[in-house]
Amino acid sequence: MSEPSTQAIDIAAATQQAEVLAHALPFLRRYAGATVVVKYGGHAMGEEHLAQQFGNDIALLKQVGINPVVVHGGGPQINAMLNRLKIQSTFVDGLRVTDAAMVEVVEMVLAGTVNKYVAGLITRAGALAVGICGKDGAMIRARKLARTAKDPDSNIEKVLDLGFVGEPIGVDVRVIHALTGGGLVPVIAPVGVGADGETYNINADTVAAAVAGALNATRLLMLTDVSGVLDKEKKLIQSMSLHEVQERIEDGTITGGMIPKVENCVEAVRQGVKGAVILDGRVPHACLLELFTEAGPGTLIRR
Ligand SMILES: Nc1ncnc2c1ncn2[C@@H]1O[C@H](COP(=O)(O)OP(=O)(O)O)[C@@H](O)[C@H]1O
Ligand SMILES: CC(=O)N[C@@H](CCC(=O)OP(=O)(O)O)C(=O)O
């Protein structure tokens, strides 16, 4: 029995709440003990009340027996700090060219302010989150990203120097397992460590996919600021196989920033993740909607 209340009870509202919980039961069973990696992008953090709602949802997942692992971005937050420091940024294929001075700012913002902010959102909601970056416990070993581009004049393939932009070459999951095994929620900043201890700035989607792959996660949720992958009529594509993703890139349905995002999802699924979902992180309770309803609001990429 609940405590007697002095307020009038709204039976209809209470029944509705109970029904929602009853509907969630098969999904709670499906995901019991599962690992769910959530990529929380810098744009999705925009509004304070939505950010706190995100923290509440991650805490709820932990409390119902799922193991959430959060990988966050922070591109807009790095931009804001660079503006304050009056440092210019340039991008190649959506990747920030990162020289030695820039990587210090990137590490400060991603592994510092943003990492502690995201961990704080979850901790305030009642689960204990621990913020770390890929350098901690040498978790994300990285090397300099090799990029080439065709010179438009000579048509010769040229090597581009993006500085300290890295790509993961291995994820040591021991730190993550130690945290989740201890009942904690790992919150990971996308900063990796090179063979000589140097710091690499890595795209957060890439880190999320690598972490999800290494953990053999049941789901990778990529929270972005569009409803998912859209077809040529701008309607949401609910589900795509790896083969269909390739077709949609080749026929020009998927372009721009969505290409690396779906490619990271494909890579995660190839590494054993059961399904990767691209969804709008600005939708209230996006993660809960995805995990606890049959259709889900985003685009599922699966084998
Ligand atoms: N088929 C598509 N469906 C949805 N978005 C697409 C598609 N093709 C290109 N895009 C673009 O990709 C963008 C998402 O990528 P990006 O801005 O890099 O995401 P994020 O900043 O969250 O990592 C969308 O805002 C949209 O402009
Ligand atoms: C190499 C590179 O571009 N790294 C990104 C890392 C942050 C990121 O990916 O943040 P979002 O997910 O919010 O975009 C950057 O410097 O902006």
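The structure we're discussing is the one just above.
Keep in mind it's a predicted model, so treat the numbers as computed, not measured. (Residues numbered from 1 in each chain as written. Chains lettered and ligands numbered in written order. Predicted model: local features only at pLDDT ≥ 70, side-chain atom pairs only at ≥ 80, totals over all residues. Heavy atoms only, no water.)

Caption draft 1: Representation of the packing of aromatic side chains in the model. In this structure the tally under the stated criterion is two aromatic pairs. Between Tyr 40 and Phe 54, the ring centres sit 3.7 Å apart and the planes meet at 5°, which makes this aromatic pair stacked. With Tyr 40 in strand β1 (residues 35–40) and Phe 54 in helix α2 (residues 48–63), the pair connects residues that are 14 residues apart, well separated along the chain. With a relative accessible area of 6%, Phe 54 lands in the buried category. With centroids separated by 6.2 Å and ring planes inclined at 45°, the aromatic side chains of Phe 164 and Tyr 200 adopt a geometry described as tilted. Of the two residues, Phe 164 sits in the loop between β8 (157–160) and β9 (166–171) while Tyr 200 sits in strand β12 (residues 199–201), which places them 36 residues apart along the sequence. A relative accessible area of 7% means that Tyr 200 is categorised as buried. (Phe/Tyr/Trp six-rings, centres within 6.5 Å; stacked < 30°, edge-to-face > 60°. Helix = DSSP H or I, 4+ residues; strand = E, 2+ residues; numbered from the N terminus. Buried < 20%, exposed > 50% of the residue type's maximum accessible area, 1.4 Å probe, protein only.)

Caption draft 2: Inspection of the site of ligand 2 at higher detail. Taken together, 16 residues lie near ligand 2, and Lys 39, Gly 42, Gly 74, Arg 96 and Asn 201 sit nearest. The contact in question runs from an oxygen atom of ligand 2 to an N or O atom on the backbone of Gly 42, over 2.7 Å. With respect to ligand 2, the backbone of Gly 74 contributes an N or O atom lying 3.0 Å from an oxygen atom. For ligand 2, whose accessible area on its own is 430 Å², the fraction buried by protein is 90%. For the shell around ligand 2, the element with the most residues is helix α3 (residues 75–84), which contributes three residues. When grouped by side-chain class, the residues that make up the shell around ligand 2 number six nonpolar, eight polar and two charged. (Near = heavy atom within 4 Å. Polar contact = N/O pair within 3.5 Å; in protein donor to acceptor, adjacent residues only side chain to side chain. Areas by Shrake-Rupley, 256 points an atom, 1.4 Å probe, with all protein chains shown as cover. Nonpolar A, V, L, I, M, F, W, Y, C, P; charged D, E, K, R; others polar.)

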